[in-house]
Amino acid sequence: MKISVLGAGAWGTALAIAASARHEVLLWARDASGIAAMRSARRNARYLPDAPLPETLGLTDQLDAALAHGRDGLIVIATPMAALRGMLGHLPAGTRCLWLCKGFEAGTGRLGHEIAREVVPHLATGVLSGPSFAQEVAAGQPTALVSASHDAALAQLGVQAFHSDRLRVYSSADPVGVEVGGAVKNVMAIAVGIADGLRLAAEARGHQGPGLNARAALITRGLAEMQRLALALGAQTETLLGLAGLGDLVLTATGDLSRNRRVGLLLAEGLDLPGILQRLGHVAEGVYSAPTVLARARSLQVDMPIAAAVVDVLEGRLDTQGAMDALMGRQARAEW
């Protein structure tokens, strides 16, 4: 299969590496100097410095060439959510496309499938998501993903493109649930990072802070918030209990490689948000999608108190301890 991956960040590069063992893969980035450096060193020094690029993996900074390469096979958009609309607008007729980005579009509050319905309603589109750190995929460590589309043939094409003995890919007919899980888990990971950061800060002072009980509560109640929003948008409950929901939430909220969790940890240390983002050097989608997630939820009358607390911290209305106190001080209610 001919596959074009549009976007040479960590995740796009990792999947391009994984697929290049069995398919003709072309990785595109708009930065000509970056592509030249990758071609010379056979590494993506900025995003995946420890992962060698196979000789079979093609590299280009020419978008037309990348689109032509994947036109009759599969095009994978691996840009941040903010660039999805623009990239979809470049797709030629007949293209089959999956995107990797997770989040709601700023300003409109739309998910990827809603953007695609506006921009390319005539094309088969979908999403590839699940609990995955790019470094582990690039290193060939076992990982499971979900290829989701309303077009069953495209969902299966995603399986054919990426399924291997180290990368297990399941198909799904519920891109809505997969996208909500991928978007909201980033926000919940910031909340869990805050709780863990408060615990570490308290222990450094010889005090007690939030413990593992608090982490478990935030993950579980975060999943409940994800489910409420997903169901309001037309998703299936089972999807949120699978890889793209619970699986991605657990990984992102607890994994040391999670940028969103790292944001929460650093907020609990008292660092300001601009300084945190500068230190990370990579996109932490939860920071940008949190206000949009909350706005979309409120428009649907969906209660998301953890997401609201994260937004209050990010926008400076609460400090991290105040957010934790606000969540614990909420009125008792039935669990479901």
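Bear in mind that the values here come from a model prediction, so they are computed numbers and not experimental data. (Residues numbered from 1 in each chain as written. Predicted model: local features only at pLDDT ≥ 70, side-chain atom pairs only at ≥ 80, totals over all residues. Heavy atoms only, no water.)

One open sheet holds the eight strands; their spatial order is β5-β2-β1-β6-β7-β8-β9-β10, and the pairing between them is mixed. Of all strands in the sheet, those with a lone pairing partner are β5 (58-60) and β10 (167-172), marking the two edges. Going from strand to strand, the sheet's axes swing by 25° on average, the running direction of each strand aside. Note: strand β2 (residues 24-28) against β5, three bridges, orientation parallel. Within the sheet, the bridge partner assigned to Leu 26 lies in β5 and is Gly 58. Helix-sheet contacts for helix α7 (residues 152-162) involve β1 (2-6), β6 (74-77), β7 (96-99), β8 (124-129), β9 (143-148) and β10, and the interaxial angle to β10 is about 175°. (Pairing = 2+ DSSP bridges. Helix = DSSP H or I, 4+ residues; strand = E, 2+ residues; numbered from the N terminus. Axes fitted to C-alpha atoms, helices over the stretch in contact; angles between N-to-C directions. Contact = heavy atoms within 4.5 Å.)

Another aspect to go through is the state of the cysteines. Scanning all chains against the criterion turns up zero disulfides. Cys 101 supplies the cysteine sulfur nearest to Cys 97, a cysteine that is in no disulfide, at a spacing of 8.8 Å. Overall, Cys 101 belongs to the buried group, its relative accessible area being 8%. (Disulfide = S-S within 2.5 Å. Buried < 20%, exposed > 50% of the residue type's maximum accessible area, 1.4 Å probe, protein only.)

This part takes up the packing of helix α8 (residues 175-204) against helix α9 (residues 212-232). For any two helices packed against each other, the geometry is given by the interaxial angle and the distance between the axes. Across the interface, α8 lies against α9 with an axial gap of 9 Å and an inter-helix angle of 160°. In this view, α8 runs roughly antiparallel relative to α9, as classed from their interaxial angle. Where α8 crosses over α9, the two elements pack in a sense that is right-handed. Contact with α8, carried on its side by Val 180, Gly 181, Val 184, Lys 185, Met 188, Ala 191, Val 192, Ala 195, Asp 196 and Arg 199, involves Arg 215, Leu 218, Ile 219, Gly 222, Glu 225, Met 226, Leu 229 and Ala 230 of α9 and no other residues of that element. When grouped by side-chain class, the residues that make up the contact of α8 with α9 number eleven nonpolar, two polar and five charged. (Parallel < 35°, antiparallel > 145°, perpendicular 65-115°, else oblique. Left-handed = near helix turned anticlockwise from the far one by under 90°. Nonpolar A, V, L, I, M, F, W, Y, C, P; charged D, E, K, R; others polar.)

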